[in-house]
Amino acid sequence: MRISELSARSGVSVATIKYYLRERVLPEGERTSPTQATYGDAHLRRLGVIRALVDAGVGIAGVRNVVAVLENPPEAPGALLGAASDAVNPPEADDDLLDLGPARALVARFGGQADDCAPGQVAAVARALASLERAGFTVPESVLAAYVAHLGAIGEAELDATPTDSAEAAVRYVVLGTALVEPLILALRRVAEQMAASRRFGSG
């Protein structure tokens with residue numbers, strides 16, 4: 001397909017497609033002349049991933065990181081998913097000052113090693129724990145255990161639902177699941193708390 005058809009099918013403007021080509025996050029098409037190229041379904045799928053990243057607020061540098069992993073996929077699928085997750089929630093400048101010990105211990109309760117996670121994921125846990133400590137708030141152990149148990153189950157269910165037909169589809173699922181589903185999870189958590197309070201204390 002020509003670039004105009006690629007634009008029509010993807011919903012991405014020709015100018016934006018050319019920008020992605022210049023930034024090398026979208027592969028070049030097959031040249032049919034010095035000024036013309038044709039594009040295939042792989043370009044359409046890649047545009048879907050790029051747009052998902054951009055719509056999630058990921059900058060071009062983050063897009064480039066994910067594309068680099070897509071073009072040189074690691075042997076471990078988890079590394080691919082970690083790169084997609086880190087693109088949506090990139091590490092922060094002061095992460096090297098964080099005490100990762102408590103975060104690594106908490107992460108290990110999910111049945112693995114902290115090193116199995118992308119560095120940004122462990123740092124995000126450390127930042128959250130540091131915020132709780134600054135506020136003088138302690139999550140009760142029973143609640144923390146429930147978080148680990150239920151979020152572990154959510155992680156397994158989401159992994160089972162992750163597409164396996166292509167790396168692009170998997171990354172798109174993870175990116176959209178991170179950017180768009182996390183607010184739903186938080187909203188449902190509040191609903192669950194309200195329902196539990198109503199059952200226990202009544203709705204009056």
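Relevant structure appears above.
Computed from a prediction, not measured in an experiment: that's the story for all the values here.

Procedures and definitions
Residues numbered from 1 in each chain as written. Predicted model: local features only at pLDDT ≥ 70, side-chain atom pairs only at ≥ 80, totals over all residues. Heavy atoms only, no water. Salt bridge = Lys/Arg side-chain N within 4 Å of Asp/Glu carboxyl O. Helix = DSSP H or I, 4+ residues; strand = E, 2+ residues; numbered from the N terminus. Buried < 20%, exposed > 50% of the residue type's maximum accessible area, 1.4 Å probe, protein only. Polar contact = N/O pair within 3.5 Å; in protein donor to acceptor, adjacent residues only side chain to side chain. Contact = heavy atoms within 4.5 Å.

Engineer: Quick question: what am I supposed to make of the pattern of salt bridges here?
Structural biologist: Pairing is possible between side chains of opposite charge, provided their charged atoms come close. Applying the stated criterion across every chain, the model contains 7 salt bridges. Here D41 makes a salt bridge to R9, at a shortest N to O gap of 3.8 Å. A residue pair is termed long-range when its members are at least 10 positions apart, and D41 in helix α3 (residues 41-55) and R9 in helix α1 (residues 3-10) qualify at 32 residues. We classify D41 as partly exposed; its relative accessible area is 46%. Here R51 makes a salt bridge to D55, at a shortest N to O gap of 3.7 Å. Taken as a pair, R51 and D55 lie in helix α3 at a separation of 4 residues, close to a single helical turn. A relative accessible area of 27% means that R51 is categorised as partly exposed. A relative accessible area of 59% means that D55 is categorised as exposed.

Engineer: Looking at this structure, how should I read the side chain of H43?
Structural biologist: As for its position among the elements, H43 is in helix α3. Accessibility expressed as a relative area gives 12% for H43, which makes it buried. Reaching out from H43, the side chain makes a polar contact with the backbone oxygen of E28 at a distance of 3.3 Å. Each residue touching H43, except ones within four places of it in the same chain, is listed here: L6, L26, P27, E28 and G29.

Remember, this is a structural readout, not a statement about activity or role.
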